[in-house]
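# Breakdown of the fold
This is what each chain is made of:
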Amino acid sequence: MYDLIIIGGGPAGLTAAVYAARKKMNTLLLTKEFGGQLMWTKEIENYMGYQFISGPELMGKFEEQVKRFAVAIQYEEVNGLIVNQDGTFLVKTEETEYQSKTVILATGKRPRGLDIPGEKEFTGRGVSYCATCDGPFFDNKAVAVIGGGNSAVQAALELSKIAHTVYLVVRNDHYIADPIILEKMKVATNIIEKIGYESEGIYGNEVVEKITIREITTGELQDLAIDGVFVEIGLEPNSEYVEDIVRMNKRKELMVDCRSRTNIPGVYAAGDITDGPDKQIVIAAGDGAKAALMAYDYLLHKE
């Protein structure tokens, strides 16, 4: 029986692990892999203490700090949570089951798909959700980035240094990216903006050869000859494993109060999986610290 099980190995989960260990809680961290979304992030300029650092570098430092403490780590995917009659918890993975007095849910989010013809068929054969991971495969080729937020514009910028042409397909009639990122994009001469278009389908033989887009105002279809499609239209929570247990909002984010508490006593949530208004690394890390301290406080008063 653990004092605390933390589910998730991103900034929230890893920070929670450090704070729990410092409180001498018997803690288990369950994660498929370390890093979460940050492993796809090339440039970070807004995490305090680092004027510039890459996502994998920052997560390497998080991981190194966690491993200084007595935190048990199992690389397993959680697929279920059961509330026991005595108020403790059973956490189920594909391999085994674990018991705990408290739980922190910190499984973050994953890329949202386009849900158009050809997307699933060509995933890994030209369709990607990570410019940092797969961008080098498209050296001197033509690619399309789908989305109008920070991640899309940042991906387009990153790819503009590799590909000879980058089409940036924006569904709305305006960007939702931060001004500082848009200013950087203006410098790139090989980014072709397609504002007010939505994706209709991805086509090819063995690999991606074109994407069909539709101008929203006129309905006119247009084919773009490309070698790759990078989907950057936002994220959706990894919350399915607690869907019938923990209260969620309409976006499937876990609803928490200012003390990181869910609707179940002893279950806390932190980071991008929650209904917090902003999804930032520093916020996720702060959430993780707070959740661990609240779990410690819960056990202290309960016992």
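Structural data are supplied above this passage.
This section reports on the structure supplied with the text.

About the cut-offs
Residues numbered from 1 in each chain as written. Predicted model: local features only at pLDDT ≥ 70, side-chain atom pairs only at ≥ 80, totals over all residues. Heavy atoms only, no water. Pairing = 2+ DSSP bridges. Helix = DSSP H or I, 4+ residues; strand = E, 2+ residues; numbered from the N terminus. Contact = heavy atoms within 4.5 Å. Polar contact = N/O pair within 3.5 Å; in protein donor to acceptor, adjacent residues only side chain to side chain.

## A short note on the sheet that holds strand S10 (residues 165–170)
- Within the open sheet, the 5 strands sit side by side as S8-S15-S9-S10-S11. Their pairing is parallel. Looking at which strands have only one partner, the edges of the open sheet turn out to be strand S8 (127–128) and strand S11 (191–195).
- The pairing of strand S9 (residues 142–146) with S10 spans 5 bridges and is parallel. Across the sheet, residue Ala142 finds its bridge partner in S10, namely Thr165.

## Describing the environment of Thr274
- Counting through the fold element by element, Thr274 comes out in the loop between strand S17 (267–269) and helix H6 (281–302).
- Distance from Thr274 to Ala106, taken between C-alpha atoms, is 8.4 Å for residues 168 residues apart in sequence.
- Not counting residues within four places of it along the chain, the set of residues in contact with Thr274 comprises Glu253, Leu254, Val256, Ala269, Lys279 and Asp287.
- Separated by 2.9 Å, the side chain of Thr274 and the backbone oxygen of Gly271 make a polar contact.

## Focus on the pairing of strand S14 (residues 221–225)
- Pairing of strand S13 (residues 208–215) with S14 involves 5 bridges; the strand directions are antiparallel. By the bridge assignment, Ile211 is partnered in S14 with Leu224.
- Taken together, S13 and the strand that follows it, S14, pair antiparallel across an intervening segment of 5 residues, in which Gly219 is found at a positive phi of about 80°.

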